[in-house]
Amino acid sequence: MAGYGVPRRPSIPDPARLAGQLLAWYDRHRRVLPWRAPRGAAPDPYRVWLSEIMLQQTTVAVVGPYFRRFVARWPDLGSLARASLDEVLHAWQGLGYYARARNLHACAQAVAARGGRFPADEAGLRELPGIGAYTAAAVAAIAFGARTAAVDGNVERVMARLYAVRTRLPEAKPRLRDLAAALVPAARSGDYAQAAMDLGATVCTPVKPKCGLCPWRAACRAHALGIAEILPRRAPKKAKPQRHGVAFWAVNAKGAVLLRRRPEKGLLGGMMEVPSTAWRATPWSEAEAKRAAPFRARWRRVPGAVRHGFTHFDLELEILAARVNGRRAPGLWVAPGRIKDQALPSLMKKVIAAASR
Ligand code: SF4
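What to know about the site of the ligand
- Within the structure, the ligand sits among R161, V203, C204, C211, C214, R217, C220, H223 and A228.
- Judged by its atoms lying within 2 Å of the grid points, the ligand is housed in the largest cavity.

A word on helix α2 (residues 45–55)
- Counting buried positions along α2 gives 9 out of 11 residues, so the element sits mostly inside the fold.
- Turning to α2, its buried residues are Y46, V48, W49, L50, S51, E52, I53, M54 and L55.
- You can read the cap of α2 off the contacts: a side-chain oxygen lies 3.0 Å from the backbone nitrogen of Y46, and it is on D44.
- Of the residues trailing α2, Q57 is marked for its positive phi of about 65 degrees.

Regarding empty space enclosed by the protein
- By the definition in use, this model includes 2 cavities of 30 Å³ or more.
- What the largest cavity holds in volume is close to 120 Å³.
- Lining of the largest cavity is provided by 13 residues; of these, R161, C204, C211, C214 and C220 occupy positions nearest its centre.
- Ranked by residue count, the leading element in the lining of the largest cavity is helix α9 (residues 153–162), at 3 residues.

Some remarks on the nonpolar core
- Counting 73 residues, the largest nonpolar core has W49 and L347 as the members making the most contacts within it.
- It is helix α8 (residues 133–144) that contributes the most residues to this core, 8 residues altogether.
- Counting only domains with at least three residues in this core, you end up with domain 1 (15–230) and domain 2 (242–356).
- Contact partners of W49, with chain neighbours within four places excluded, come to L77, L80, L104, C107, A108, F118, I131 and V139.
- Judged by nonpolar contacts, the second largest core, of 37 residues, contains L18, V155, L162 and A172.

Remarks on the pattern of salt bridges
- Per the counting criterion, the structure on display carries 16 salt bridges.
- Between R31 and D198 there is a salt bridge; the shortest N-O distance is 2.7 Å. Of this pair, R31 sits in the loop between α1 (15–29) and α2 while D198 sits in helix α11 (residues 189–203), and the two are 167 residues apart along the sequence. Across this residue pair, the class does not change: R31 and D198 are buried.
- One salt bridge connects K240 with D314, and the closest N-O pair in it is separated by 3.4 Å.

Observations regarding the domain arrangement of the protein chain
- Entries for the protein chain in the domain assignment read domain 1 (15–230) and domain 2 (242–356).
- Computed over C-alpha atoms, the centres of domain 1 and domain 2 are 37 Å apart.
- At the interface, 9 residues of domain 1 touch 16 residues of domain 2.
- Carbon and sulfur atoms make up 45% of the surface buried where domain 1 meets domain 2, a total of about 920 Å² over both sides.
- Three residues, Q93, Y98 and R102, lead the burial of domain 1 against domain 2; their summed loss comes to 52% of the area buried on that side.
- Counting across the interface, domain 1 meets domain 2 through 1 salt bridge.
- A salt bridge links D86 to R261; its shortest N-O distance comes to 3.1 Å.

A short note on the packing of aromatic side chains
- With the rule as written, the count across this model stands at 10 aromatic pairs.
- Considering the side-chain rings of F248 and W299, the 5.2 Å spacing of their centres and the 65 degrees angle between planes classify their relative orientation as edge-to-face. Taken as a pair, F248 in strand β1 (residues 242–251) and W299 in the loop between α13 (286–291) and β4 (300–309) lie far apart in primary sequence, 51 residues in all. Both residues of the pair, F248 and W299, count as buried.
- Here the aromatic residues Y46, W49 and F118 are joined through ring pairs into a cluster of three or more.
- Its end group placed over the ring of Y66, R69 keeps NZ or CZ at 4.8 Å from the ring centre.
- Looking at R280, its charged tip hangs above the ring of W284, at a distance of 3.9 Å from the centre.

Quick word on the layout of surface pockets
- In this model, the second largest pocket occupies a volume close to 400 Å³.
- Every residue lining the second largest pocket is counted, 19 residues in all, and those nearest its centre are G96, Y97, L267, F310 and T311.
- The set of elements that each furnish at least two residues to the lining of the second largest pocket consists of β4 and α14 (346–356).
- In the lining of the second largest pocket, the residues fall into 10 nonpolar, 9 polar and no charged.

Calculation notes
Residues numbered from 1 in each chain as written. Predicted model: local features only at pLDDT ≥ 70, side-chain atom pairs only at ≥ 80, totals over all residues. Heavy atoms only, no water. Near = heavy atom within 4 Å. 1 Å grid on protein atoms, 1.4 Å probe; cavity = no way out; pocket = protein on both sides within 12 Å on 5 of 7 lines; lining within 4 Å. Sits in = over half its atoms within 2 Å of the grid points. Buried < 20%, exposed > 50% of the residue type's maximum accessible area, 1.4 Å probe, protein only. Helix = DSSP H or I, 4+ residues; strand = E, 2+ residues; numbered from the N terminus. Polar contact = N/O pair within 3.5 Å; in protein donor to acceptor, adjacent residues only side chain to side chain. Points joined across faces, edges and corners; volume = space filled by probe spheres on them. Core = buried A, V, L, I, M, F, W, Y, C linked by side-chain atoms within 4.5 Å. Domains from an automatic or database assignment. Contact = heavy atoms within 4.5 Å. Salt bridge = Lys/Arg side-chain N within 4 Å of Asp/Glu carboxyl O. Buried area = accessible area lost by both parts, 1.4 Å probe. Phe/Tyr/Trp six-rings, centres within 6.5 Å; stacked < 30°, edge-to-face > 60°. Lys NZ or Arg CZ within 6 Å of the ring centre and 35° of its normal. Nonpolar A, V, L, I, M, F, W, Y, C, P; charged D, E, K, R; others polar.

Shown next as structure tokens:
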């Protein structure tokens, strides 16, 4: 018999029962999302894939308008494959992580080249550009009904709580993946994948989970133990390194601004940018930055600096500005009214805003 004050440890019901509870909850509470097939309709693999790529590292609220614009302009895979990379990068502006947009375009072309049909299994999907383990599982399950677990941060959190897994992330990942995989039902696996996503996004939230509304409340060990909010545990974050650079804001006699295209490979690949020095660990002195400028001019410092956080480092960009006449420079002189037509990442929009003040 359990002693007084010792929390009761609920026994977890069998996987089929848990899956049934979650699916019944999903049938009542599923989110209406622009990429989700209406109840009873067959999912469109193109829309499923497009939404999953857009949702990588971005929220549903941010993705919604982008998704609508993309499918209005490119309603099927063939039309997206025929678009130019520039058009896609431009439409992607503001979603960040531009490698995803380049891969999106490359993937559309690769699928178009194989007759316009996505592979229906995870292994085939993973061979396509921009599709990793999670996206392959999500597309295979949702678009093709494959019996597989799509395990992202939301699902990891739900599993850590349901089974009260105290091992820290990322060490706990393989166990959480196994626990999630064991629950996937043979039937309605696509709905189950979306139900698990919805539960993590709307009920088993990182802060203040709404256990009172949860279909797994009776089974959940973390809820019984009162430790839901502290799970999943995580290894302490490493501090992000700081990098420094100097951007060169050159304006010609017609008011046009010098932009250039970043190399295709690497960070912000293929995007347009205000030319800058390398981004390095130590700040640049003004004299040093002037020597690294695209050409000699009367560069003057613009007050304030632009700060931007990337996944693996934080960047501080100082700005040097100059008015120039008939200067030849590697890049493109863009009239002020046409700057918005360029595929510019958020960082460069911040630089333009700071330099134009
Ligand atoms: Fe998450 Fe609470 Fe449901 Fe457990 S009962 S899975 S902690 S929302």
